[in-house]
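Single-letter residue listing:
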Amino acid sequence: MNLATALVDVHVDEGRGERAAIVCDARRLSYQDLQSLVNRTGNALRSLGVEPEQRVAILLPDAPEFIASFLAVAKIGAVAVPCNTLLKADELAHVLNHSRARVLIAGGAGTGEVRMACPALPWLRHYRVVGRPEADELDYAERV
């Protein structure tokens, strides 16, 4: 049993794909929309080389991208490491190094702290940004 299958895929498979899965401010995602976002995110993570049981850190505010990222990580058999968006660079570096996260998906206010922490992250291979990535960062939306 996979978490993403139980929470999303089963609704689509049983004909409830058009029902609302997430309502966040003015955004509304149906189960079908969420399934598509989860699958695209999972495929993007696989294309980065994420394998089962590897850690993927998620530093996102409460938004559809957080939910889709968390479920995508579970769907591909990796381990999600949700991070508090209020962490400072040294605290974030500790969490990421301790978890040995290979990929970090971040956005919002946390991206500044991530940029300060990056030099101290030997395990981190890829950093995806939801929002406005800088020149050397991967854009979440571009690969999903």
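Residues numbered from 1 in each chain as written. Predicted model: local features only at pLDDT ≥ 70, side-chain atom pairs only at ≥ 80, totals over all residues. Heavy atoms only, no water.

This part is about the overall build of the protein. What the protein contains, in helices and strands, is six helices and seven strands. Seen in sequence order, the protein has helices and strands lined up from the N terminus as α-β-β-α-β-α-β-α-β-α-β-β-α. Counting across all 144 residues of the protein, residues that qualify as buried make up 44%. Of all intrachain contacts in the protein linking residues separated by at least 6 positions in sequence, the fraction that spans at least 24 positions is 57%. Summing over all exposed atoms, the protein offers an accessible surface of approximately 7,800 Å²; the carbon and sulfur share of this is 51%. (Helix = DSSP H or I, 4+ residues; strand = E, 2+ residues; numbered from the N terminus. Buried < 20%, exposed > 50% of the residue type's maximum accessible area, 1.4 Å probe, protein only. Contact = heavy atoms within 4.5 Å. Areas by Shrake-Rupley, 256 points an atom, 1.4 Å probe, with all protein chains shown as cover.)

On to the nonpolar core, then. Ranked by size, the top nonpolar core spans 18 residues in total, and within it Ala57, Leu59, Cys83, Leu92, Leu96, Leu104 and Val114 carry the most contacts. Counting residues per element, the ones that place at least two in this core are strand S3 (55–59), helix H4 (89–99), strand S5 (103–107), helix H5 (110–117) and strand S6 (126–130). In terms of residue count, the dominant contributor to this core is H4 (four residues). Contact partners of Leu104, with chain neighbours within four places excluded, come to Ala57, Ile58, Leu59, Leu96, Val114, Leu124, His126, Tyr127 and Arg128. (Core = buried A, V, L, I, M, F, W, Y, C linked by side-chain atoms within 4.5 Å.)

Attention shifts here to the confidence of the model for the protein. Scored by pLDDT, the protein has a mean of 89; 90% of the residues are at 70 or more. Mean pLDDT per element in the protein: helix H6 (residues 140–143) is the minimum at 62, and strand S4 (residues 79–82) is the maximum at 97. (pLDDT = per-residue confidence, 0-100.)

On to the pattern of salt bridges, then. This model, assessed by the stated rule, comprises three salt bridges. With its nearest N and O atoms 2.9 Å apart, the salt bridge here joins Arg27 to Glu65. Pair noted here: Arg27 is in strand S2 (residues 27–30) and Glu65 is in helix H3 (residues 64–75), with a separation of 38 residues, a long-range link. Taking the relative accessible area as the measure of exposure, Arg27 reaches 37% and is therefore partly exposed. For Glu65, a relative accessible area of 16% corresponds to the buried category. (Salt bridge = Lys/Arg side-chain N within 4 Å of Asp/Glu carboxyl O.)

Okay, the pairing of S4 next. Where S3 lies against S4, four bridges are found, and the strand directions are parallel. By the bridge assignment, Ala57 is partnered in S4 with Val81. For the crossover from S3 across H3 to S4, the handedness is right-handed. (Pairing = 2+ DSSP bridges. Right-handed = clockwise from strand over helix to strand, strands pointing away.)

Below, the discussion takes up the side chain of Ser30. The topology assignment puts Ser30 in strand S2. Not counting residues within four places of it along the chain, the set of residues in contact with Ser30 comprises Gly17, Glu18, Arg19, Ala20 and Ala21.

Here we take up the packing of helix H1 (residues 3–13) against helix H2 (residues 31–47). Axes are the key here: two packed helices are described by the angle between their axes and the distance separating the axes. Their axes nearest at 8 Å, the elements H1 and H2 cross at an angle of 130°. Here H1 is positioned oblique relative to H2, judged by the angle of their axes. Seen from above, H1 lies across H2 with left-handed handedness. Residues Ala4, Leu7, Val8, Asp9, His11 and Val12 of H1 pack against Tyr31, Gln32, Leu34, Gln35 and Val38 of H2. When its residues are assigned to classes, the contact of H1 with H2 shows seven nonpolar, three polar and one charged. (Axes fitted to C-alpha atoms, helices over the stretch in contact; angles between N-to-C directions. Parallel < 35°, antiparallel > 145°, perpendicular 65-115°, else oblique. Left-handed = near helix turned anticlockwise from the far one by under 90°. Nonpolar A, V, L, I, M, F, W, Y, C, P; charged D, E, K, R; others polar.)

The next point concerns H4. Given 3.6 residues to a turn, an α-helix orients residues that are three or four positions apart in the same direction. For H4, the full list of buried residues reads Ala89, Leu92, Ala93, Leu96 and Ser99. Projection of H4 onto a plane perpendicular to its axis shows the buried side chains occupying an angular sector of 145°, all on one side. Opposite its buried face, H4 presents the exposed residues Asp90, His94 and His98, each directed more than 90 degrees away. The elements touched by buried residues of H4 are S3, S4, S5 and H5. Arg100, located one to two residues past H4, shows a positive phi value of around 60°. (Arc of directions from axis to C-beta.)

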